[in-house]
Amino acid sequence: METVVITGSRIAVQTAYDAPTPVTVVGAQDIQLSGTVNVENLLQQSPQFLPSTNGGSTGNTVQANGDSGAAWLNLRGLGEVRNLVLVNGRRFAIQGTRLTTDINTIPATLIQRTEVVTGGNSAVYGSDAISGVVNFVMKQDFEGVQAGAQYMFDQFTVSPTYNFDVTMGGNFDHDKGNLVMALNYMSRKGFTQPDHGGWTNVQYTDSCVTSGTYSTNAPGTRQFYTDPQTGATTSNVGANCVAAGGLNGFTTGGSGDTPNGYIKSMTTYANASPALQALYATAGLTKMTGDGFIFTNTGAATPGTYRLRDANTDVYNLIATNYMQVPNQRWMLNTFGHYDFNKYVKAYAEFHFSSNTVTAQLTPSSMGSQMLFNTHNPAFSPALQAVMDYLDQHETGTSTITAGTATYTNAPNDGRVALTAGKRYVENGMRRQVANRVAWRFAGGFKGEIGSVSDSFLKDLSYDFYYTYSRTQETDNQSGSLSKSKIQANVLASTNGGTPLCDLFGLGALSQACVNAITVNSTVGTIAEMQDANLSFTGTAFDLPAGPVQFALGGEWRYTMARYTPDMYTASGDVAGLNAALPTSGAMVSHEIYGEVRVPVLKDLPLIDSFSVNSAFRYSDYNLNAAKGIWTWSFGADWRIIPDVTVRGQYQRATRAPNVGELWGGSASNTSPTLNDPCGAKSATQTAAVRALCVAQGVADANVFTSAVQGNSDLVRYASGGNPNLKPETADTITLGVVFQPEALPGLATSIDFYSIQVKDMIGALAGGAGGVLDRCFSQTDPNNLYCQQIHRVNGALVGGTGYVNAANANIAGSKTQGFDLNAQYSFDVDYGLFGSKSKVDVGTAWNWTLELVSLPDITQPNVKSNCAGAYGNTYCYYEPTPRMKSTTHVTWNDGPLTLNLKMRFIDSVMLDKYLVPLRRGATGLSPVNYVRPKLPAMYYFDLAASYDVNDNIQVYGGINNLFSKDPPILGSAASYANSFPATYDALGRVTFIGIKAKTN
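Thresholds applied
- Residues numbered from 1 in each chain as written.
- Predicted model: local features only at pLDDT ≥ 70, side-chain atom pairs only at ≥ 80, totals over all residues.
- Heavy atoms only, no water.
- Salt bridge = Lys/Arg side-chain N within 4 Å of Asp/Glu carboxyl O.
- Helix = DSSP H or I, 4+ residues; strand = E, 2+ residues; numbered from the N terminus.
- Buried < 20%, exposed > 50% of the residue type's maximum accessible area, 1.4 Å probe, protein only.
- Pairing = 2+ DSSP bridges.
- Disulfide = S-S within 2.5 Å.
- Contact = heavy atoms within 4.5 Å.
- Arc of directions from axis to C-beta.
- Axes fitted to C-alpha atoms, helices over the stretch in contact; angles between N-to-C directions.

Engineer: Mind showing me how you'd approach the pattern of salt bridges here?
Structural biologist: Pairing is possible between side chains of opposite charge, provided their charged atoms come close. Here the structure, examined in full by the defined rule, presents 30 salt bridges. Taking the shortest distance from any N to any O, the salt bridge between K760 and D732 comes out at 3.9 Å. Note that K760 is positioned in strand β38 (residues 748–765) and D732 in strand β37 (residues 729–740), a separation of 28 residues in sequence. Assessed through its relative accessible area of 15%, D732 is described here as buried. The salt bridge partner of R905 is D943, with a shortest N-O separation of 2.9 Å. Of this pair, R905 sits in strand β46 (residues 898–907) while D943 sits in strand β49 (residues 939–949), and the two are 38 residues apart along the sequence. Taking the relative accessible area as the measure of exposure, R905 reaches 5% and is therefore buried. On the basis of relative accessible area, D943 is assigned to the buried category, the value being 5%. Each of R82, R656, E662 and E729 takes part in salt bridges that share partners, so that together they form one network.

Engineer: Looking at this structure, how should I read the pairing of β38?
Structural biologist: Along any regular strand the residues' side chains alternate between the sheet's two faces. Of all 18 residues in β38, 13 are buried, a share of seventy percent or more. As judged from the 11 bridges shared by β37 and β38, these two strands associate in the antiparallel manner. In the sheet register, I734 faces β38, and the bridge partner there is S756.

Engineer: Just checking my understanding: could you explain the state of the cysteines for this structure?
Structural biologist: A covalent bond between the sulfur atoms of two cysteines is what we call a disulfide. Counted by the stated rule, this structure contains five disulfides. Between the sulfur of C208 and that of C241 lies a disulfide, 2.2 Å long from S to S. Its S-S torsion of about 80° marks the bond between C208 and C241 as right-handed, since a negative value means left-handed. Of the two residues, C208 sits in strand β12 (residues 204–209) while C241 sits in helix α5 (residues 239–243), which places them 33 residues apart along the sequence. Across the pair, C241 and C208 agree in class, each one buried. At a sulfur-sulfur separation of 2.0 Å, the disulfide partner of C679 is C694. When the S-S torsion is -100°, as for the bridge of C679 with C694, the disulfide is left-handed. Here C679 is found in the loop between β35 (668–672) and α12 (688–696), whereas its partner C694 is found in helix α12, with 15 residues between them in sequence. Of the two residues examined, C679 and C694, each falls in the buried class. Sequence-ordered numbering of the bonded cysteines in the protein chain yields a pairing of 1-2, 3-4, 5-6, 7-8, 9-10.

Engineer: Just checking my understanding: could you explain the environment of K176 for this structure?
Structural biologist: Examined against the element boundaries, K176 turns out to sit in the loop between β9 (160–172) and β10 (177–188). K176 sits 112 residues away from M288 along the chain, and the two C-alpha atoms are 85 Å apart. When residues no more than four places from it in sequence are discounted, the contact partners of K176 are H338, Y339 and D340.

Engineer: Please clarify how α12 should be interpreted in this entry.
Structural biologist: Every α-helical turn comprises 3.6 residues, leaving residues that sit three or four positions apart pointing alike. Of all the residues in α12, the buried ones are V690, L693 and C694. Down the axis of α12, the sector holding all buried residues measures 100°, keeping them to one side. Facing away from the buried side of α12, by more than 90 degrees, are the exposed residues A688 and A696. Each element contacted by the buried residues of α12 is listed here: α13 (770–778). Positive backbone phi, approximately 100°, marks G698, located one or two places after α12.

Engineer: Just to check I follow, could you spell out the sheet that holds strand β44 (residues 871–872) for this structure?
Structural biologist: By definition, the strands of a sheet pair up through backbone hydrogen bonds, in either a parallel or an antiparallel sense. Ordered in space as β44-β47-β48, the three strands form an open sheet in which the pairing is mixed. Only two strands of the sheet have a single neighbouring strand rather than two, namely β44 and β48 (935–936). Here strand β47 (residues 910–912) runs beside β48; their pairing, made up of two bridges, is antiparallel. Across the sheet, the residue bridging to V910 is L936, located in β48. In the packing of helix α14 (residues 913–920) onto the sheet, contacts are made with β44 and β47, and the angle to β47 comes to roughly 90°.

In short, shape yes, function no, at least from these values alone.
In structure tokens form, the structure reads like this:
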């Protein structure tokens, strides 16, 4: 029987069921009958994957470091950076500083099959293969011309997705060579959440609602009650809501930053002095709370009318213009060629070019922060100006106001007052980002037979040498942003009482001159590059009585580089509306050797049809401080008890080297006005235990808790961003399974495999920041604990000099997942057909049962861990739902030229992590009724598709996904996007597609 190389090993086997590690295969027919043109959509439906919230067709986000508009794979829920993507068994193009592969660059119509391998495969493929490997095997050796066109649209907006393909290929030089060229164009129209309508028209937010209006899929009426602890009137969710007769649900909500400018967080009327109360009364603010007041006039530079502000109802619909499906335009060219000089030398080459343009669209920018205003701003009425004069006169000392890159000094009686003011700058238009990602990749090499040293030693030898070069360049053009410093500069007039250029108060208050003055457009660029040279040898070392001992041996050199270059607005942090990001640049080189062996031990014995063992190793040496001499390995066994039943097991040690972003990402030295040194005068915990820790860190005893360490105006310095001393993550993977292929029932093949993946030294931000480092150091008594070691004092201080707190990335976390995979396929003939006397039925199913998905955010606190299997939410867990059970099942009927396919997708119910995780930790007194949507129901989706061969050259096909138009679970504040989880659940209703293929021979 012919053998093939299956992902997970360089040693050939007969089928995926014969592989030493579990392999799931998705074929070309599966892709076509799903209608997918973005292959990540299909794979994310597979049981082994969780979706990426910020990637794919629903990823309407603006991200730093080259990740905007990309689509990734998240295998086993361990993160996008912990699985390795291959094309034809070789690394593909990378993007961004995380060095991930954008699945948008994979041509769906050229895929012959996709092989998904569970567990670490670093010994075979190198770094990143912690959760597994996804290998896209492409169609090659094509002859003729084939053209295809597909049209897809959703139920509610009928927004089209067009896909066109042309593939040309042929043999040459007496069939010694073959060359294939494929062109692809894809255009996906975007639409906003209100375009979709229904439950995506407005944003929902968690709230106590009246019992009569409660619903699991629609907003209710807010119920207010008196909080028994504080005595305040509230509509917060929780046990108090239920005790007051309400239910925990959701209402319409939004952002407190509204187009009408507002002022909040002033001294409330109840807490004001008699003099200020009198001024409040004149200004109509006798009932003012911390919510402040909001302006209602529609003009500019006139005394504004205003009223008291209610933070519950004075909100802006944040999803009014947000894309629910992001527009995507893609051009792609792929070529594959090979030429067989003879059996000893066969040349091959691959070339890829793609240009992906993805547009994100968000609501207009907002800013709500402390700002300086003239006390006699013309937008303030005379009574309100009197309030501002009083506040200015009674300011306590000099303070500093920071606005982006600018700083201002505020002092009593200077005609200026510091106020917390906010506004949604609708006059500035929507925020948009157009991300264009261009990827190039070349792979070329030689392979062939070497021969044999002898008939009994080192025989059937072959070699394979290849070199790949890939480069991805992304340009993100961002518009609709605001400059914090320019806003502050333009709300102040040159004289108190003068008219500033920008009047923030009232709807439509901003003049065009103001908009022009404060608007900034920014451009950031990212380049990622990889070179990989690999030489391998395979063959038979010698023969044993049970069979040949097969081996693979090779070496690899790999270079990866990434550079992220923000413009001055993005890098400075002066942008309001988009996240700030610092420049990042770095490169890594690794030198590696690897080997693999498969040894048949026993054969043709009772209950041992065959028994073999296998092992692999890889030695990697990086040009990184903490990644010298890294070993990975694996060993396992296959025991075929009888021809029908095989038991297989594998143990693997895998690694992931830190990426450019983690090593060097935005490294910076910063100061913060909110950081207090526990050893300084601002310390809130001046105890003997804290004093002892301070002295242990080099602070003179006489200086502890004094301004000699930190005074009121001194700022603590800290380091953040990448850490060049990170060491690789490691993972131990165990797989153990049974394969059943009964000879008495041809066409049936089943497997069930247990897997366990434990990741150590996971990379993350240390303690969440400098404040967390200080808190965790001084909450312990050991001066040598991990967090105290990050405090680097100079002359006992962290201010004014070179002392600092290290809050950079660290190998601080861990994770573990365990579960079972079940795969089954059965093909059989039936004595019935529309186009003949017989037809064929194929039934396939794939299930995953996740026993646990445990995250350990801090290895120094091993008892604080979260089992997120069966949970959703981001309090303790990965945001997207992580169902315990997930499956796909299909029934395909092949009757001559007709193929019909019915597919069922199942997603198990999940519970809110805020309820489930504490319950698993042993918390008592928890009741589901005290939470909003404590449980999301199990979901069943049905997809129907068909294809028909009109003749030998023309095929038409089509289908409907989510046949019964099932809505996703609807949520409030816990939703990731569009009041649900559209990356996990079908949110577009029925999705219909039709297509045609035509070919010539």
